[in-house]
Amino acid sequence: MSVRSETLGEVIKWLKAQADSEWECAQEGLSDGYDGYDAYTRTIKHCQDMLMDDTAEHGKA
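Residues numbered from 1 in each chain as written. Predicted model: local features only at pLDDT ≥ 70, side-chain atom pairs only at ≥ 80, totals over all residues. Heavy atoms only, no water.

A closer look at the environment of Glu 57
In step 1: Tracing the backbone shows Glu 57 in helix H2 (residues 35-59).
In step 2: A relative accessible area of 53% means that Glu 57 is categorised as exposed.
In step 3: Residues Glu 57 and Gln 18, 39 residues apart in the sequence, show an inter-C-alpha distance of 29 Å. (Helix = DSSP H or I, 4+ residues; strand = E, 2+ residues; numbered from the N terminus. Buried < 20%, exposed > 50% of the residue type's maximum accessible area, 1.4 Å probe, protein only.)

Here you go:
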């Protein structure tokens, strides 16, 4: 596993925790929308796409 892949994995883990926190705040009425949650989930998707690109490149000869 490359350093970039490890870093992306750590970032995804942190972003998921932040998204969960945003979701809880929205459910408890502590925020007025899901903008933070949406931003985190979009960023998670982007990082996962980058990770898949790394995996695909790693598999190439």
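What about the packing of aromatic side chains?
Two measures describe an aromatic ring pair: the distance that separates the ring centres and the angle between the ring planes.
In step 1: If you walk through the whole model with that rule in mind, you get 2 aromatic pairs.
In step 2: A centroid spacing of 6.2 Å and a plane angle of 80 degrees characterise the contact between Trp 14 and Tyr 40, whose relative ring orientation is edge-to-face. With Trp 14 in helix H1 (residues 3-27) and Tyr 40 in helix H2, this residue pair connects regions lying 26 residues apart in the sequence. (Phe/Tyr/Trp six-rings, centres within 6.5 Å; stacked < 30°, edge-to-face > 60°.)

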